[in-house]
Amino acid sequence: MRRVYRKIVSSVVLCGCAMFTLYGASRIAERVEKEAVPVSITDAEKALPIIILDAGYGEST
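This report concerns the structure included in the present document. (Residues numbered from 1 in each chain as written. Predicted model: local features only at pLDDT ≥ 70, side-chain atom pairs only at ≥ 80, totals over all residues. Heavy atoms only, no water.)

### Some points on a nonpolar patch on the surface
Filter applied, for reference: The patches described consist of residues with a relative accessible area above 30% and no salt bridge, like charges being joined within 9 Å and nonpolar side chains (Val, Leu, Ile, Met, Phe, Trp, Tyr) within 5 Å. The protein chains shown are the only cover counted for residues, whose accessible areas, like all others here, come from Shrake-Rupley with a 1.4 Å probe. A side-chain nitrogen of Lys or Arg and a carboxyl oxygen of Asp or Glu constitute a salt bridge if their distance falls within 4 Å. Each helix corresponds to a stretch of at least 4 residues labelled H or I by DSSP, and each strand to a stretch of at least 2 residues labelled E; elements are numbered beginning at the N terminus. Note on exposure labels: buried denotes an accessible area under 20% of the residue type's maximum, exposed denotes more than 50%, and partly exposed covers the range between, all computed with a 1.4 Å probe on protein chains only.
Taken together, the side chains of Val4, Ile8 and Val12 make up a nonpolar region of the molecular surface, amounting to roughly 280 Å² of accessible area. Positionally, Val4 belongs in helix 1 (residues 2–31). Looking at Val4, the relative accessible area reads 47%, which means it is partly exposed.

In structure tokens, the structure reads:
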């Protein structure tokens, strides 16, 4: 019985941490100016393309 209780409590704590993280991410997204949001919390349509210049000695793939 103690194992079941421990699993329930740990699940509630984990869910609380996840909700707190999502709340924090939404607050960060609200405060950022002019859609300068990290790519990980934007959708693919709004993300600007990133151009990487290859300055190596080999061929670019």
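### As for a positive patch on the surface
We apply this condition: Residues scored as charged are limited to Lys and Arg (positive) and Asp and Glu (negative), so that His and the chain ends carry no count. We put the charge of a Lys on NZ, of an Arg on CZ, of an Asp on CG and of a Glu on CD.
Together, Arg2, Arg3, Arg6 and Lys7 make up a positively charged patch on the protein surface. If you trace the backbone, Arg6 turns up in helix 1. Owing to a relative accessible area of 58%, Arg6 belongs among the exposed residues under this scheme.

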